[in-house]
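Listed here are the chains, written in short residue letters.
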Protein chains: 2
Amino acid sequence: MAADASAEPRAWEQVLQHIERRLLDGDLAPGDRLPGERALAAELGVGRSSVREALRVLEVLGLIRTHTGSGPTAGAIIIATPGGGMSALMRLQVAASGFPVADIVATRLVLEASVAGDLAAASAVEPGPDLAAADRLLDAMDDAALAAPDFLALDAAFHLALAEASGNQVITATMAGLRSGIEGYALAGLARIDDWHAASARLRSEHRGVVAAIRAADAATARTRMHDHISGYYAQTSPDRTFATPEPPPHPADLDEVAVDVVPTGENDIT
Amino acid sequence: MAADASAEPRAWEQVLQHIERRLLDGDLAPGDRLPGERALAAELGVGRSSVREALRVLEVLGLIRTHTGSGPTAGAIIIATPGGGMSALMRLQVAASGFPVADIVATRLVLEASVAGDLAAASAVEPGPDLAAADRLLDAMDDAALAAPDFLALDAAFHLALAEASGNQVITATMAGLRSGIEGYALAGLARIDDWHAASARLRSEHRGVVAAIRAADAATARTRMHDHISGYYAQTSPDRTFATPEPPPHPADLDEVAVDVVPTGENDIT
DNA sequence: CGCTCCCATGTGGTCTGACCACACTGTACC
DNA sequence: GGTACAGTGTGGTCAGACCACATGGGAGCG
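Keep in mind the model is a prediction, meaning the values are calculated, not measured.

Conventions adopted
Residues numbered from 1 in each chain as written. Chains lettered and ligands numbered in written order. Predicted model: local features only at pLDDT ≥ 70, side-chain atom pairs only at ≥ 80, totals over all residues. Heavy atoms only, no water. Helix = DSSP H or I, 4+ residues; strand = E, 2+ residues; numbered from the N terminus. Buried < 20%, exposed > 50% of the residue type's maximum accessible area, 1.4 Å probe, protein only. Contact = heavy atoms within 4.5 Å. Near = heavy atom within 4 Å. Polar contact = N/O pair within 3.5 Å; in protein donor to acceptor, adjacent residues only side chain to side chain. Nonpolar A, V, L, I, M, F, W, Y, C, P; charged D, E, K, R; others polar. Expected span 1.5 Å × (residues − 1). Salt bridge = Lys/Arg side-chain N within 4 Å of Asp/Glu carboxyl O. Core = buried A, V, L, I, M, F, W, Y, C linked by side-chain atoms within 4.5 Å. Axes fitted to C-alpha atoms, helices over the stretch in contact; angles between N-to-C directions. Left-handed = near helix turned anticlockwise from the far one by under 90°. Phe/Tyr/Trp six-rings, centres within 6.5 Å; stacked < 30°, edge-to-face > 60°. Parallel < 35°, antiparallel > 145°, perpendicular 65-115°, else oblique.

Q: Help me get a handle on the overall build of chain A, residues and values and all.
A: Helix and strand content of chain A: 11 helices and 2 strands. Mapped in sequence order, the helices and strands of chain A form the string α-α-α-β-β-α-α-α-α-α-α-α-α. Relative to its 271 residues, chain A shows a buried fraction of 54%. Across chain A, the fraction of contacts at a sequence separation of at least 24, relative to all contacts at a separation of at least 6, is 66%.

Given below as structure tokens:
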């Protein structure tokens, strides 16, 4: 904390702080256009290259989008789409061994189980969550002609659709980033699957099961099924790692009164 | 998805991709030094400013650290400390209204409840989690002379220490980022607290309660207490906002026998 | 009068070259 | 042997110059 006291001689940080302050003050809001790079440089008394370094950071973080040319779409425009920045962060951290894949999977388990439980809880009251996008992806995944990588892309979109349906933008963006971080890992894991046809059938079935539990407003089952679904896939694609689910066999259909919170997940079964 | 196909002529992206590839290939690992900016520019056939933009991104994302001068500590060195990048991302997204504060708090609830549950489960087996850092912070917070902002800083460090004890680096970094994103919000909320002395006493008590539940290997209680602790503070500091608790009502415990089942392994350490 | 074409203008994207401050390193000097 | 100092290479910054691109307004034509 407070390690940034004293002076910040770095010019590009001044630019970053200036833009952040203008955002916090309400001077800038999503949809607004930033001043041009040259104007910003003159305004802050720094070189244009320093401005560009700050803008590059903002762009990677998903805060601005830049277009060349002129007109209303040109220039740097404030957007607030954290997905991209999260993805870049996760991907690079994984590449640099900063994030073990096992930790990412464990985090996915926590977040997605929570999402599934929330959606199920939301199903108990009108109008319930909007699962139309998830349903469409589910149907698309039924196409038997799908190649495995395409199937996985739809799978990722399905999980993301559920997160979006939960309405929590932070969880949605984080999950998108986590997925990106382990995308290469998931694709590489395909090679370890002997019978893709059977595997994809199981994944499809598990997806339907999760959605069914959500629609039934059965939070505990939804959480459990989501947990088993995710951990099962990674257990299959990385047999060397111990992804053993320490939980009782997945026959969670009996929780009407057992619903006692169950401490459903919480376990990072990693080694 | 897949909107990034075709060509990415942006020179700085080439640099980024080149470094990412070298990381994935194992040519670069944490602790290694990157080639100099001039060398990198010549090697990739781009200008030095483009290299710098890429390095700036890597620096903000927490992948490298740069030092001027010469010697073994100078230059750009690969580090993999995602905390900084996560914090910058969250802070800026909050500033740009990309992340509602309520969503951040909800995500904290999910992650921290999971952490508390994991730690409690890990306490069931030897040697149990390392809570020494958390204990020290707890003691430090007992200092009655602490100003409120200092207390909050220790509070944040305490929560972070718990996350670190859980061993999941992704959750730790994410929680650090979430905290940063709402730091200003938490500080502003102090003004809404009438009796800081009583409030801090309650927070301290709640902290002790969480740790006690963890030590007792009582996962459900640990989760519940952590959930109530976090949501309670934000409910107090933002009474006008409705913090719809995203989770099903935190059932109190009845887990005497449930507590055993899970998670035999707590150690993951490095890979 | 209306339409079309075209170029002036302003944007980001990139490169080059030049300084500066800094920190180590080896050497010359004492 | 020890100390002071210049050399060297690093990132940090700036200035200036192009380029590609997209718009928009004006000139020219029908």
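Next comes the rest of the account.
Q: How would you sum up the protein's contact with DNA strand D? Please name residues and give values.
A: DNA strand D sits among 27 residues. The nearest are Arg 10, Ala 11, Gly 47 and Ser 50 of chain A together with Arg 52 of chain B. Each atom of DNA strand D within 4 Å of the protein was assigned to sugar, phosphate or base; sugar and phosphate come to 59%. With respect to DNA strand D, the side chain of Arg 48 of chain B contributes an N or O atom lying 2.8 Å from a base oxygen. Breaking the surface near DNA strand D down by element, the ones donating at least two residues are α1 (11-25) and α3 (48-60) of chain A together with α2 (37-44), α3 (48-60), β1 (64-67) and β2 (75-78) of chain B. Taken together, the residues of the surface near DNA strand D break down into 5 nonpolar, 14 polar and 8 charged.

Q: Please provide a residue-by-residue account of helix α7 (residues 148-166) of chain A, values included.
A: With 19 residues, α7 of chain A extends 27 Å between its outermost C-alpha atoms, agreeing within 8% with the 27 Å of an ideal straight helix rising 1.5 Å per residue. Directly after α7 of chain A, the chain includes Gly 167 of chain A, whose backbone phi takes a positive value near 85 degrees.

Q: Now, about the protein's contact with DNA strand C: what can you tell me, with residues and values included?
A: Around DNA strand C, the structure places 27 residues, and the nearest of them are Arg 52 of chain A together with Arg 10, Ala 11, Gly 47 and Ser 50 of chain B. A share of 59% of the atoms of DNA strand C within 4 Å of the protein falls on sugar and phosphate groups. With respect to DNA strand C, the side chain of Arg 38 of chain A contributes an N or O atom lying 3.1 Å from a base nitrogen. In this structure, a phosphate oxygen belonging to DNA strand C sits 2.5 Å away from a side-chain N or O atom of Arg 52 of chain A. Elements with a contribution of two residues or more to the surface near DNA strand C: α2 (37-44), α3, β1 (64-67) and β2 (75-78) of chain A together with α1 (11-24) and α3 of chain B.

Q: Go over the pattern of salt bridges, please, and point to the residues and values.
A: Evaluation of the coordinates by the stated rule reveals 30 salt bridges over all chains. A salt bridge links Glu 59 of chain B to Arg 10 of chain A, with the shortest nitrogen-to-oxygen separation between them at 2.1 Å. Here the residue Glu 59 of chain B occupies a position in helix α3, and Arg 10 of chain A occupies one in the segment before α1, the pair thus bridging two chains. Look at Glu 59 of chain B and you get buried, because its relative accessible area is 15%. Residue Glu 206 of chain A is joined to Arg 202 of chain A by a salt bridge in which the shortest nitrogen-to-oxygen separation is 3.3 Å. One end of the pair, Glu 206 of chain A, and the other, Arg 202 of chain A, are both in helix α10 (residues 196-215), 4 residues apart, so they sit about a helical turn from each other. Judged by its relative accessible area of 36%, Arg 202 of chain A is partly exposed.

Q: Describe in detail the nonpolar core, supporting the description with residues and values.
A: Ranked by size, the top nonpolar core spans 151 residues in total, and within it Leu 162 of chain A together with Leu 162 of chain B carry the most contacts. Once you skip the residues sitting within four places of it in the chain, Leu 162 of chain B turns out to touch Val 115, Leu 119, Leu 131, Ala 134, Val 210, Ile 214 and Met 226 of chain B.

Q: Give a detailed account of the packing of helix α4 (residues 82-95) of chain B against helix α8 (residues 169-181) of chain B, specifying residues and quantitative values.
A: Each pair of packed helices can be summarised by the angle the axes make with each other and by the distance between the axes. Residues and elements named next belong to chain B. Running from N to C, α4 and α8 point in directions that differ by 35 degrees, and their axes come no closer than 7 Å. Crossing handedness for the pair α4 and α8: right-handed. Residues Pro 82, Gly 83, Met 86, Ser 87, Met 90, Arg 91 and Val 94 of α4 form the contact with α8, whose participating residues are Ala 173, Thr 174, Ala 176, Gly 177, Leu 178, Ser 180 and Gly 181. Its residues assigned to classes, the contact of α4 with α8 comprises 7 nonpolar, 6 polar and 1 charged.

Q: Account for the packing of aromatic side chains, with residues named and values stated.
A: Scanning the model with the defined rule gives 5 aromatic pairs over all chains in all. Aromatic pair Tyr 233 of chain A and Tyr 234 of chain A: ring centres 5.5 Å apart, planes at 85 degrees, arrangement edge-to-face. Of the two residues, Tyr 233 of chain A and Tyr 234 of chain A, both sit in the buried class. Taken together, a centroid distance of 5.4 Å and an interplanar angle of 85 degrees make the contact between Phe 151 of chain B and Trp 196 of chain B edge-to-face. You can see Phe 151 of chain B sitting in helix α7 (residues 148-166) and its partner Trp 196 of chain B sitting in helix α10 (residues 196-215), a full 45 residues away along the chain. Through a chain of ring-to-ring contacts, three or more aromatic side chains come together here, namely Tyr 185, Tyr 233 and Tyr 234 of chain A.

Q: Requested: an account of the packing of α1 of chain A against α4 of chain B, with residues and values cited.
A: As a packed pair, α1 of chain A and α4 of chain B sit with axes 8 Å apart at the nearest point and diverge in direction by 40 degrees. When the interaxial angle is binned, α1 of chain A and α4 of chain B end up oblique. Contact with α1 of chain A, carried on its side by Glu 20, Leu 23 and Leu 24 of chain A, involves Arg 91, Leu 92 and Ala 95 of chain B of α4 of chain B and no other residues of that element. Residues that form the contact of α1 of chain A with α4 of chain B fall into these classes: 4 nonpolar, no polar and 2 charged.

Q: Pulling in residues and values, what's your account of α1 of chain B?
A: Helix length check: α1 of chain B, at 14 residues, gives a terminal C-alpha distance of 20 Å against a target of 20 Å (1.5 Å per residue), a fit within 8%. Those residues of α1 of chain B lying buried are Trp 12, Glu 13, Val 15, Leu 16, His 18, Ile 19, Glu 20 and Leu 23 of chain B. Of the surrounding elements, those touching the buried residues of α1 of chain B are α3 and α4 (82-95) of chain A together with α2, α3 and β2 of chain B. Just downstream of α1 of chain B lies Gly 26 of chain B, where phi reads positive at about 85 degrees.

Q: Please give an account of the side chain of Ser 114 of chain A that cites residues and values.
A: Structurally, Ser 114 of chain A can be placed in helix α5 (residues 101-123). The class for Ser 114 of chain A is buried, based on a relative accessible area of 1%. Excluding residues that lie within four positions of it along the chain, Ser 114 of chain A makes contacts with Arg 223 of chain A together with Val 110 of chain B.

Q: Tell me what's going on with unusual backbone geometry, and back it up with residues and numbers.
A: Residue Pro 127 of chain A is bonded to the preceding Glu 126 of chain A through a cis peptide linkage, with omega at -5 degrees. Residue Ser 97 of chain A is not a glycine yet carries a positive backbone phi of 65 degrees. Positionally, Ser 97 of chain A belongs in the loop between α4 and α5. Look at Ala 217 of chain B: it is not a glycine, yet its phi comes out positive at around 60 degrees. Inspection of the secondary structure puts Ala 217 of chain B in the loop between α10 and α11 (219-237). Residue class for Ala 217 of chain B comes out buried when judged on its relative accessible area of 14%.

Q: Got a sec to walk through the environment of Met 226 of chain A? Specific residues and values, please.
A: Residues and elements named next belong to chain A. Secondary-structure assignment places Met 226 in helix α11 (residues 219-237). What makes Met 226 buried here is its relative accessible area of 1%. Not counting chain neighbours up to four residues away, the residues in contact with Met 226 comprise Glu 112, Ala 113, Ala 116, His 159, Leu 162 and Val 210.

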